[in-house]
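# Structure at a glance
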Amino acid sequence: MKINNQLLLQSKNISVLRFPMIAMIVCIHARMGEGLSLDENNINSLLATEYILGEIIATIAVPLYFIISGFLFFYNIDVFNKEIYITKLRKRVQTLLIPYFIWNLIAYLIYLTNHQFNVNTLIMSFFIVHPDGRTGSSPMDGPLWFIRNLYIVMLISPIIYALIKRMKIWWLIPFLLLWILGFSIFKNGIMIAFIFFSLGAGLSICKHHLVIDKHVVLFSLLFCLTIILRYNFHHESISFILSKINILTGILFSISFATYMNKRWKIDSYTQFLGSISFFIYCLHDLMLPFIKTFWINFYKNHNILFNGWMYIGVIITDICLCILIYFILRKISPQITTILLGGR
């Protein structure tokens, strides 16, 4: 009976975490304060809000998503053999890779509205792009680097499985310490994908649940403490280590708080409604942000309003609401296209 309750709570936890995590990813990409030419008084509250939400709190989202992905990849598997491995990869071609290429093609078509066509740029837009106006190690639809890296670590999942079966998750400790200290063995975000996917895989293979039904107050206080410390300590090396500790405490807080919520309130309708469209928001939100940011900046300038944290919140809410609206319009017009864009979800 207890195991059944844990499994039910685990399912609800995963569902209830999807939308908040997507909202946090939007918070990361909605930042714009550093690119604005404003006097100090106008910019301070905007930068402070962006820093707290977009750089401190929201950074837990991607590692937690990798944990959940690793957990689900090995869920209910007693023996991970060649047949299961191939089946898993084939299934995720439909659910991950096909949407990945379609959304990056859409992003490239939007890019062409202000740039000339180039075959090399087209090819690289699906992997790592460095065209005019773009930096970093993401594909053309920036947030989809997560899917690219997720599929890479899934390709080496037999190695991860063998290490976990032999040493459980203890072998991850050196990699975790290297990550905390800022030493990255793998580039382009592969390190964080490898560590947290493997951590989720370890929990699944060792038959643990994504449920923390104790110490929610403790993890809440620890998360708040790391947020306060990171906001107030600006020494580069200390702030860097604090950012990693903040992510770890944030993950513990998220799972424990989701467990707490699901044990006390019935929120299934909320999770089903918002969780089902999270992937659509994830793929679309960054493509619309340049236009939404421009709108809000011009709105504030035209009405002589001080640039403050509310503009940043406005960008986030507008982006999410427009994604939801487009989702329902597209689903109404063409359910088939919507299904393809969502990988059959």
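Turning our attention to the packing of helix H6 (residues 145-155) against helix H9 (residues 190-205). Relative to each other, H6 and H9 sit at 60°, their axes nearing to 9 Å. Between H6 and H9, the angle falls in the class oblique. Handedness of the H6/H9 crossing: right-handed. Residues Trp145, Asn149, Leu150, Ile152, Val153 and Met154 of H6 touch H9, and the partners they reach there are Ile190, Ile192, Ala193, Phe194 and Phe197. For the contact of H6 with H9, the per-class residue count stands at 10 nonpolar, one polar and no charged.

Mean pLDDT over the protein chain: 88, with 90% of residues reaching 70 or higher. Of all secondary-structure elements in the protein chain, the lowest mean pLDDT belongs to helix H12 (residues 268-275), at 68, while helix H3 (residues 61-73) reaches the highest, 96.

The next thing to look at is the packing of helix H13 (residues 278-302) against helix H14 (residues 309-333). Two elements in contact, H13 and H14, have axes separated by 8 Å at closest approach and are oriented at 130°. As far as their axial angle goes, H14 and H13 are oblique. Between H13 and H14 lies a crossing of right-handed hand.

What follows deals with the packing of aromatic side chains. Enumeration over the complete set of coordinates arrives at 32 aromatic pairs. Summarising the aromatic geometry, the rings of Tyr65 and Phe146 are spaced 6.1 Å apart at their centres and angled 65° between planes, so their arrangement reads as edge-to-face. In this pair, Tyr65 sits in helix H3 while Phe146 sits in helix H6, placing the two residues 81 residues apart along the sequence. The pair Tyr65 / Phe146 is uniform in exposure class, with both members buried. An angle of 70° between the planes, with centres 5.9 Å apart, marks the rings of Trp296 and Phe299 as edge-to-face. Of this pair, Trp296 and Phe299 both sit in helix H13, three residues apart, which is roughly one turn of that helix. For Trp296, a relative accessible area of 18% puts it in the buried group. Three or more aromatic residues link up through ring pairs in this structure, and these residues are Tyr65, Phe66, Trp145, Phe146, Phe279 and Tyr282. Of note, Lys88 hangs over the ring of Phe73, and the distance from its end group to the ring centre comes to 5.6 Å.

Reading the values: rules and limits
- Residues numbered from 1 in each chain as written.
- Predicted model: local features only at pLDDT ≥ 70, side-chain atom pairs only at ≥ 80, totals over all residues.
- Heavy atoms only, no water.
- Axes fitted to C-alpha atoms, helices over the stretch in contact; angles between N-to-C directions.
- Helix = DSSP H or I, 4+ residues; strand = E, 2+ residues; numbered from the N terminus.
- Parallel < 35°, antiparallel > 145°, perpendicular 65-115°, else oblique.
- Left-handed = near helix turned anticlockwise from the far one by under 90°.
- Contact = heavy atoms within 4.5 Å.
- Nonpolar A, V, L, I, M, F, W, Y, C, P; charged D, E, K, R; others polar.
- pLDDT = per-residue confidence, 0-100.
- Phe/Tyr/Trp six-rings, centres within 6.5 Å; stacked < 30°, edge-to-face > 60°.
- Buried < 20%, exposed > 50% of the residue type's maximum accessible area, 1.4 Å probe, protein only.
- Lys NZ or Arg CZ within 6 Å of the ring centre and 35° of its normal.

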